[in-house]
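Fold and contact review
What follows is each chain in one-letter form.
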Amino acid sequence: MIRLEKRPQPSRLFSLATPLLAVLATMFFGGLLFAALGKEPLTSIQTIFWEPLFGEFSFFYRPQLLIKGAPLILIAIGLSLGFKAGIWNIGAEGQYIMGALFGAGVGLAFYPLEGFYIFPLMVLAGAFGGWIWAMIPALLKVKFGTNEILVSLMLVYVAEQFLASMSLGLLKNPEGFGFPGSRNLQQYESAFNGDLIAGSGMHWGVVCAMIAVIFAYVLLTRHRLGFAIRVTGEAPRAARFSGVNPTRLVVFCLGISGLLAGLAGMFEVSGPAGQVTIDFNVGYGFTAIIVAFLGRLHPIGILLAGLLMALTYIGGDIAQSQLGLPAAAIQVFQGMLLFFLLALDMFTNYRLRFGRTEVA
Amino acid sequence: MKLTTLLTGAAMALGLATTAMAQDKTKVGFVYVGPIGDGGWTHEHDKGRLAVEAEFGDKVETVYVESVAEGPDSERVMTQMALDGADLIFTTSFGYMDPTINVAKKFPNVKFEHATGYKQAENVATYSARFYEGRAIQGHIAGSMTKSNIIGYIGSYPIPEVIRGINSAFIHARKVNPDVQFKIVWAYTWFDPAKEADAAKVLIEQGADVVLQHTDSTAPQAAAQEAGNVITFGQASDMAQYAPLPRVSSIIDDWAPYYIARTKAVMDGTWTSGNTWDGIGAGMVGIGEISDAVPANIKAEALALKASLADGSYHAFTGPLKKQDGSDFLAEGEVADDGTLAGMNFYVEGIEGDIPQ
Amino acid sequence: MDLSAINPILFVAGFLVAATPLIFAAIGELVVEKSGTLNLGVEGMMITGAICGFATAVETGSPLLGFAAAAVGGALLSLLFAFLTQITLANQVASGLALTLFGLGLSALLGQSYVGIKPPRLNDINFGPLSDIPVIGPILFTHDIILYLGIALVAATWAVLKFTRAGLILRAVGESHDAAHALGYKVVRIRTLAIMFGGACAGIGGAYISLIRVPQWTEGMTAGVGWIALALVVFASWKPWRLLLGAYLFGGITQLQLNLQGAGVAIPVEYLAMSPYVITIIVLVILSRDKSAAPACLGRTFHASS
């Protein structure tokens, strides 16, 4: 009889070893999959994991890791605070869209005026857009006790329709020959969130993601609020006795995650993406949820998980073009990686016991 | 923001990397917006890619990446292809326009071809197909064959490309049948088979006995088949599995001749930038076989119309034409210029309803 | 504008069909959630069911075998979720999202050689003279067997949850897994069965799209129906009959929107399209007074020794 026994403390060894094991298991089974598709398994794995980091053109791919990873990390950090406290915002995708719309909207309102103050205003607007969108589930939860998982998820669809409406209507580029999509902010100096050092991939969103990681780390380890978050997640009743105000915590956690998601959207639309278009959102808000869990809701973990996710996207695209792997195979491969990480994570908090069940 | 301008030189380093990669094989890259299994837009582009491989065999190597999101992902994929030594890159979605221009700046020696856009550069050419010529033929057949005088039209998004098709079909349907009416439904999606099926069903329920579609799935065909007594036209691909009824003909995106020609030009060193907007004549727009469900005389007229469009003796937008609001569009004998067509955002006279804003 | 162009009979018959995939996916998810598990992988299970059903129907020539295969395919995929969340105690939200990602990729791989093929048709049931009854006939008696099966499934789910011991146990597990465990019920086994039921239902719902509603196979063809099903369960506040009503409402709004467009009514399509979600949120708020609506253990991990 094999049974699980909860560890008194999460295992440090396993919390470091399981991600490695998961990656190895994925490489093995992914290799089998690629072999089944008639591709050289070792080359495929090497292309996905090695090429972007140490290959011939890594000077280009490494910055791309930051560009792809930053929004994931930024959103996941915000989400992780709530998740730790048992507050489930799964509508980051919607907050991301609203942040982008607010940010781009403010920027485009100033067009073609140039001014140092435009970009900071856009940042504020983007943060506000994400924040206000997250305040809807927060206030409904606080006032009426509605489930924030469901409300925030519903609001994603509302935001997507809003995005379609905006890119076909109000924000449509008047010089775009009637095509949907806004002006390109990359061509609007004051609103453009470009690389701070050319070719480095370091735009303000990356900087902001780094700051968020540090901020979250300090908050969780050093600050009273971090303590309140952890206690609420682990023992909600005890938290109330120790003076944690659950209402304020809900508003704070949803607010901060919405704000960061909004910022991510705003930095994306004003930088790498450049435009508000119907298909502007590519699922960062949902992927970030996975990233948050892969990173075990720990800021440093999230940083690494975000970069790992970005690596599989970038490496996956390289494998597609160099080896002719179908995009679907890459998706399955990513799915496997997540499954292994999630499954093996068990060993961090539990240990296997062999033998008869003892009576507790 | 500002530091970027100081250090643009670093971008040049990217450009240098490729020149070292001279090869004897010509490498051609394709960036696709959907999966090659979409049975429509991307599927047809991929057929063009395969045609390039078939034509040049060992002298060419093609690579592709499918389901690439517009925006930074597409920019990365294009750069990656250029770094890997591609000589020519086809970017096959309107949303790739600005990314293509961005990447092309960094790789002056790589040629880029952007589909359906309007921005060119020294090494960026644009190409698109005059699908509206095919729509004219559809309009003719539809107008001749409808008994209810109601023709349903499934639009994707209200953009010039789609509006142009509606106008062209309407003009030619009215020519043969002054009583014809168009019912237009916007699906607000490029791809959602279930919604397309619903749209077709709704149009049929509302009395349409011809359904034209500007979305790529076969869902409307199946809906029409089930309803019976409705004719449809294949879109993007031939959709021959629904012939002879409901599918009586089709517009086929045939990118192969263009892709082969442009690849050849790169091999010969004769590639130049430009804007190609080809129609039936050049073979970019294919008209699928007109099935026997169409009476012989109508079929003959349709083929004659096709021939006149192909040899240029007739233009699908020839005056006299008025806009929907009654203002003049084209005078007697005048034909629409490409600029007007490219940005078309109005209905012609006779179409009811407004273009959603 | 010509509202008389809308034929109310055909309109109703139309949204009965449009709602069927939703009904299947949502009733399955309802049972899963009643057992206290939140599976966000509905979309992934639907699309997997869509290709399993399509491929089987094409290979065997039998649409009904296709639906059976779709149920099996969906259930097998859901086992992955069950393993992750019940055995290895992984987080349900993350596991569900991973399942969707995996299902979308897997279905695309499986379906590579099925693009552009026409599947065998499932005929409507012949009700004889019944379908000639004015109004009611064309609305109720002109459909295929799966559609009726969907409605029957809703009724069965309602009856089982309300009147049987099995239903009671399922609800008990969802309300308090610790208490249910203390009473000697196998929480993990019950939840695993519920998850598999949800997977099978989602699979059938997906196959309904690929075999009947569209019918064709293309990658990603479920286009978000799985997510709407999740909304629908909430909208219905975990009550089967309300779920049926909600499915018709959700399906009906798309139909109505297209119908109005066809009739020449200028409507802001995007705002109409977002209305089901806004309504769902409003319903949530209204329902919030009724604290018993949502299963108390929804989304929580259960471990016997804790």
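Residues numbered from 1 in each chain as written. Chains lettered and ligands numbered in written order. Predicted model: local features only at pLDDT ≥ 70, side-chain atom pairs only at ≥ 80, totals over all residues.

**Description of the overall build of chain B**
Counting its regular elements, chain B contains 12 helices and 14 strands. Relative to the compact-globule value of 21 Å for 357 residues, chain B shows a C-alpha radius of gyration of 22 Å, a close match. With the C-alpha coordinates of chain B rotated into their principal frame, the extents come out at 65 × 45 × 40 Å. Looking at the 357 residues of chain B, the share that counts as buried comes to 59%. (Helix = DSSP H or I, 4+ residues; strand = E, 2+ residues; numbered from the N terminus. Rg over C-alpha atoms; globule rule 2.2 N^0.38 Å. Buried ≥ 20, exposed ≤ 12 C-beta atoms within 10 Å, placed from the backbone.)

**Thoughts on the overall build of chain A**
On a plain count of helices and strands, chain A comes out with 15 helices and two strands. Since a compact globule built from 360 residues should have a radius of gyration of about 21 Å, the 22 Å found for chain A is in line with a globular shape. Summarising its shape, the C-alpha atoms of chain A cover approximately 75 × 60 × 35 Å along the three principal directions. Going through the 360 residues of chain A one by one, you find that 59% of them count as buried.

**Remarks on the interface of chain B and chain C**
At the junction of the two partners, chain B supplies 30 residues and chain C supplies 31 residues. Elements that contribute at least two residues to the side of chain B that touches chain C include exactly strand 7 (181-186), helix 8 (193-205) and helix 9 (219-227) of chain B. Residue contributions to the side of chain B that touches chain C peak at 10 residues, all from helix 8 of chain B. (Contact = placed C-beta atoms within 7 Å.)

**Looking at unusual backbone geometry**
With an omega dihedral of 0°, the bond running from B:Ala243 to B:Pro244 counts as a cis peptide bond. Among the structural elements, B:Pro244 can be located in the loop between strand 9 (231-236) and strand 10 (247-253). A cis amide bond links B:Gly319 to the next residue, B:Pro320, at an omega of 5°. One can find B:Pro320 in the loop between helix 11 (296-310) and strand 13 (321-322). Of note, the phi angle at C:Trp238 is positive, near 60°, even though the residue is not glycine. Structurally, the position occupied by C:Trp238 is in the loop between helix 10 (225-235) and helix 11 (240-262).

**Side note on the nonpolar core**
If you look at the biggest cluster of nonpolar residues, it comprises 337 residues, and the most contacted ones within it are A:Leu74, A:Ile75, A:Ile289, C:Leu22, C:Ala26 and C:Leu232. Element by element, the count of residues in this core is highest for helix 1 (residues 8-34) of chain C, at 16 residues. Residue-level mapping places this core at the junction of two domains, with at least three residues from each of domain 1 (26-128 + 255-278) and domain 2 (131-254 + 284-342) of chain B. Apart from the residues within four sequence positions on either side, A:Leu74 is in contact with A:Gly205, A:Cys208, A:Ala209, A:Ala212, A:Leu260, A:Leu263 and A:Ala264. (Core = buried A, V, L, I, M, F, W, Y, C linked by C-beta atoms within 7 Å. Domains from an automatic or database assignment.)

**A short note on the environment of A:Val142**
Take A:Val142: it is sitting in helix 6 (residues 118-144). With 106 residues separating them along the chain, A:Val142 and A:Arg248 place their C-alpha atoms 8.9 Å apart.

**Re the pairing of strand 6 (residues 150-155) of chain B**
Residue and element names in this part refer to chain B. Within strand 6, six of the six residues are buried, leaving the element largely enclosed by the surrounding structure. Burial of the side chains of strand 6 extends over both faces: Ile150, Gly152 and Ile154 are buried on one face and Ile151, Tyr153 and Gly155 on the other. With six bridges joining them, strand 6 and strand 7 adopt parallel strand pairing. Its bridge partner being in strand 7, Ile151 is matched across the sheet by Phe182. The pairing of strand 6 with strand 8 (residues 210-213) spans four bridges and is classified as parallel. Paired with Ile154 across the two strands is Gln213, which belongs to strand 8. (Pairing = 2+ DSSP bridges.)

**Some words on the interface of chain C and chain A**
With 35 residues of chain C at the contact, the number on the chain A side is 37 residues. Of all elements in the fold, only helix 3 (63-87), helix 4 (92-110), helix 10 and helix 12 (269-287) of chain C reach the threshold of two or more residues within the side of chain C that touches chain A. Element by element, the count of residues in the side of chain C that touches chain A is highest for helix 4 of chain C, at 12 residues. Split into classes, the residues belonging to the side of chain C that touches chain A amount to 25 nonpolar, nine polar and one charged. (Nonpolar A, V, L, I, M, F, W, Y, C, P; charged D, E, K, R; others polar.)

**Some thoughts on the environment of C:Val283**
All names here are of chain C. Topologically, Val283 is positioned in helix 12. C-beta crowding within 10 Å serves as the criterion here: with 19 such atoms nearby, Val283 is assigned to the partly exposed category. C-alpha of Val283 to C-alpha of Phe235: the two residues are 48 residues apart in sequence and 6.3 Å apart in space.

**Concerning the domain arrangement of chain B**
It is common to give the size of an interface as the accessible area lost on bringing the parts into contact. Residues and elements named next belong to chain B. Splitting chain B by domain gives domain 1 (26-128 + 255-278) and domain 2 (131-254 + 284-342). Distance from the C-alpha centre of domain 1 to the C-alpha centre of domain 2: 29 Å. Tallying the contact residues gives 15 residues for domain 1 and 12 residues for domain 2. Of all elements in the fold, only helix 3 (41-56), helix 10 (256-268) and strand 11 (275-278) reach the threshold of two or more residues within the side of domain 1 that touches domain 2. Considered class by class, the residues forming the side of domain 1 that touches domain 2 number seven nonpolar, five polar and three charged.

**Comments concerning the packing of helix 13 (residues 299-323) of chain A against helix 14 (residues 327-344) of chain A**
All names here are of chain A. Remark: helix 13 packs on helix 14, axes separated minimally by 9 Å, with the N-to-C direction vectors making an angle of 150°. As far as their axial angle goes, helix 14 and helix 13 are roughly antiparallel. Crossing handedness for the pair helix 13 and helix 14: right-handed. Facing helix 13, whose interface residues are Thr312, Gly316, Ala319 and Gln320, helix 14 presents Ala327, Ile330, Gln334 and Leu337. Residues that form the contact of helix 13 with helix 14 fall into these classes: four nonpolar, four polar and no charged. (Axes fitted to C-alpha atoms, helices over the stretch in contact; angles between N-to-C directions. Parallel < 35°, antiparallel > 145°, perpendicular 65-115°, else oblique. Left-handed = near helix turned anticlockwise from the far one by under 90°.)

**Quick word on the sheet that holds strand 8 of chain B**
Residue and element names in this part refer to chain B. If you trace the six strands from one edge of the open sheet to the other, you get 7-6-8-9-10-12, paired in mixed fashion. Edge positions in the sheet fall to strand 7 and strand 12 (285-288), since each has one partner strand and no second. On average, each strand axis in the sheet is tilted by 15° relative to the strand beside it, whichever way the strands run. As paired elements, strand 8 and strand 9 share two bridges and run parallel to each other. Looking at the pairing, Val210 lines up with Ile231 of strand 9. This element, helix 8, spans strand 6, strand 7 and strand 8 of the sheet and lies at about 165° to strand 6.

**Quick look at the environment of B:Gly319**
Position of B:Gly319 relative to the elements: it lies in the loop between helix 11 and strand 13. When near neighbours in sequence (up to four residues on either side) are disregarded, B:Gly319 contacts B:Leu330, B:Ala331, B:Glu332, B:Gly333 and B:Glu334.

**A closer look at the pairing of strand 1 (residues 26-31) of chain B**
All names here are of chain B. Most of strand 1 is tucked away: five of the six residues are buried. Alignment of strand 1 against strand 2 (residues 60-65), held across six bridges, turns out to be parallel. Bridging across to strand 2, Val31 finds its partner in Val65. What joins strand 1 to strand 2 is helix 3, and the crossover it makes is right-handed. Across four bridges, strand 1 lies against strand 3 (residues 88-91) in parallel orientation. Counterpart to Gly29 in the pairing with strand 3 is Ile89. (Right-handed = clockwise from strand over helix to strand, strands pointing away.)

**Looking at the sheet that holds strand 2 of chain B**
The strands making up a sheet associate through backbone hydrogen bonding, with each pair oriented either parallel or antiparallel. All names here are of chain B. Taken together, the six strands give an open sheet; going across it, the order is 2-1-3-4-5-11, and neighbouring strands pair in parallel fashion. In this open sheet, the two edge strands, each paired with only one partner strand, are strand 2 and strand 11. When the angles between neighbouring strand axes are averaged without regard to direction, this sheet yields 20°. Both strand 3 and strand 4 (residues 111-115) contribute to a ladder of four bridges, which runs parallel. The residue of strand 4 that forms the bridge with Thr91 is His114.

**Here we look at the confidence of the model for chain B**
Atomic detail in the predicted coordinates should be set aside for any region of low pLDDT. Residues and elements named next belong to chain B. Residue-level pLDDT values for chain B average 88, and 93% of them are 70 or greater. Model confidence for chain B, summarised as mean pLDDT per element, is weakest for helix 1 (residues 3-6) at 38 and strongest for strand 3 at 96. Both confidence scores are given for the complex: pTM 0.89, ipTM 0.88. (pLDDT = per-residue confidence, 0-100.)

**A look at helix 1 (residues 12-36) of chain A**
Along an α-helix, a turn takes 3.6 residues, which lines up residues three or four apart on a common side. Residue and element names in this part refer to chain A. With 25 residues, helix 1 ought to run about 36 Å at 1.5 Å a step, and its terminal C-alpha atoms sit 37 Å apart, in line with that. Along helix 1, the residues classified as buried are Thr18, Pro19, Ala22, Thr26, Met27, Gly30 and Phe34. Those residues of helix 1 that are buried are in contact with helix 2 (41-49), helix 14 and helix 15 (346-349). In the stretch just after helix 1, Gly38 is the one whose phi turns positive, near 85°. (Expected span 1.5 Å × (residues − 1).)

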